[in-house]
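Inside the fold
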Amino acid sequence: MEPTTQLLPPWLWGAATSAFQVEGSPLADGAGPSNWYVFTHTPGKVRGGHTADVACDHYRRFPEDVGLMRQLGLQAYRFSLAWGRILPEGRGRINTRGLDFYQRLVDQLLEAGVQPMVTLFHWDLPWELERQGGWANPATVEAFAHYGQVVFRALGDRVRLWVTLNEPWVVMDAGYVHGVHPPGRREPAVAVRVAHHLLLAHARAVQVGRAQGVGAVGLVVNLEPKHPGGEREEDRQAAQRAHTYNNRLFLDPLFFGRYPEDVEEAFGTPWPEELCCQVEQVRGSLDFLGINYYTRSVLVHDPQAPPPKVRRLPPLAEASTTMGWEIYPQGLGETLHWVAHQYPKVPLLVTENGAAFADPPPGGGRVADQRRVRFLREHIQQVLAARAQGVDVRGYFLWSLLDNFEWTEGYFQRFGVVYVDFASQQRTIKDSGWFYRQVIASDGRLLQHSFTFPSGDR
Ligand code: FCB
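This is a predicted model, so every value here is computed, not measured.

Calculation criteria
Residues numbered from 1 in each chain as written. Predicted model: local features only at pLDDT ≥ 70, side-chain atom pairs only at ≥ 80, totals over all residues. Heavy atoms only, no water. Core = buried A, V, L, I, M, F, W, Y, C linked by side-chain atoms within 4.5 Å. Buried < 20%, exposed > 50% of the residue type's maximum accessible area, 1.4 Å probe, protein only. Helix = DSSP H or I, 4+ residues; strand = E, 2+ residues; numbered from the N terminus. Contact = heavy atoms within 4.5 Å. Near = heavy atom within 4 Å. Polar contact = N/O pair within 3.5 Å; in protein donor to acceptor, adjacent residues only side chain to side chain. Areas by Shrake-Rupley, 256 points an atom, 1.4 Å probe, with all protein chains shown as cover. Salt bridge = Lys/Arg side-chain N within 4 Å of Asp/Glu carboxyl O. Pairing = 2+ DSSP bridges.

**Remarks on the nonpolar core**
Counting 137 residues, the largest nonpolar core has Leu-81, Trp-83, Tyr-102, Trp-135, Phe-144, Trp-162 and Tyr-396 as the members making the most contacts within it. The element that contributes the greatest number of residues to this core is helix H9 (residues 188-211), accounting for 13 residues. Excluding residues within four positions of it along the chain, Leu-81 makes contact with Ala-19, Ile-86, Tyr-102, Val-118, Thr-119, Leu-120, Asp-124, Tyr-147, Val-151 and Leu-155. Ala-76, Met-117, Ala-216 and Phe-288 belong to the second-largest nonpolar core, a separate cluster that totals eleven residues.

**A look at the site of the ligand**
The environment of the ligand is formed by Gln-21, His-122, Trp-123, Asn-166, Glu-167, Asn-292, Tyr-294, Glu-352, Trp-399, Glu-406, Trp-407 and Phe-415. Contact distances for the ligand include 2.9 Å between an oxygen atom and a side-chain N or O atom of Asn-166. For the ligand, whose free accessible area comes to 290 Å², the fraction covered by protein is 95%.

**Considering the pattern of salt bridges**
In the structure shown here, the tally under the stated rule is 33 salt bridges. Ionic pairing is found between Asp-252 and Arg-248, a salt bridge with its closest N-O pair at 2.7 Å. By the burial criterion, Asp-252 is buried, and Arg-248 matches it. For the salt bridge of Arg-374 with Glu-378, the shortest nitrogen-to-oxygen distance reads 2.9 Å.

**Quick look at the pairing of strand S10 (residues 348-352)**
For S10, a buried count of five out of five residues is recorded, marking the element as mostly surrounded by other parts of the structure. Relative to S10, strand S7 (residues 289-292) is paired through four bridges, and the arrangement is parallel. Across the sheet, Gly-290 pairs through a bridge with Leu-349, a residue of S10.

**Looking at the pairing of strand S13 (residues 426-429)**
Summarising the sheet, strand S12 (residues 418-421) and S13 pair through four bridges and their orientation is antiparallel. When the bridges of S13 are listed, Val-418 appears paired with Ile-429. A loop of four residues connects S12 with S13, the two strands running antiparallel in sequence, and Gln-425 in this loop sits at a positive phi of about 65°.

Okay, here's the thing in structure tokens:
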């Protein structure tokens, strides 16, 4: 089936979070534990030994957070569901109390005039499924389709924007190649299967969602330009391999029904024949493509490294965020143009974009995060310029609404446009949040002018 462009509104200004990173109360009301719950409770896995047991306490404070969204004038809010709240064992028995939480959240969003955009899987897999092999087990594909069916039935009348998976590449690469995310495996040959199962799971969920008429269903991928970090031919080839490995692995199958021609070279692993046949069936299974963009990478060939055998050159400290990611706004424009040029037409959304900085704690009710204001301004400009040049991009979601639990970095990285004091759970809108509010209110026109911190209209 071909993409249906009219399922998406012309434009949305939004912000994003994910369940595990903001909710806290991971086992409340009958929820089953997730792989990330177990991982964060394993010593040595997360910086500072932090866990997400409280996070932003959004599970209990969501009405206040919806109030913040209203204050910022958000048109849409992208969040994810914790699979294990709804299906504690990953399949079978439904936990209605978990589902009720999301019912209330959706209702409040709609009441506040904020359109919900729901991601089914943002990395927190029910522990029971992980125990049975997680994404390396083909049975997880059907479990995901079943989970999709359950939530589409419960929320599909009010939620019209859906994402199946967030960044399947990270699930595969961090979980199965580098082993820094759960399940912590370093087995490229298994990673190949994982990528394949993620693709099949995505396509199955889209099929189920379409059959249930739930609106637009898409996939979110993280993309970054891969630039050679040297003049040597082998560095150029290294960048090419990384491009296939990171940017094309999931998109070529979705748009063309086949894996990239150089996928084996990029993985340094044979690609099983049966995967190539099966993957034909995923072609066209998306109504839109969500793109998460943070940075580019500058790479050199490194024969010692795991696939795709590249080493990333570090950016200059003053040109990077506290994640060590280079601030490179033009890469967002480059990425949007690349996708629009490379693949058949499908509406695009920027589903995440943002930066971590060492923000000062609130003083006098204010957080002066000028670097983030600048970051957002320059990146949004790239998006609007690409749109003006004909790229069918339908919205921008910043990451993130709130400072939150940044995976293996714990609470050390602040990405929010709202500051969270994790000791008191007090929220303070940062200057970047006020800036974004004016961007939204002026529908982007503010970007042409300089921003001054509002004193009167807060
Ligand atoms: C993305 C993730 C998101 C957040 C940002 C900083 O890869 O999707 O959850 O951690 O990075």
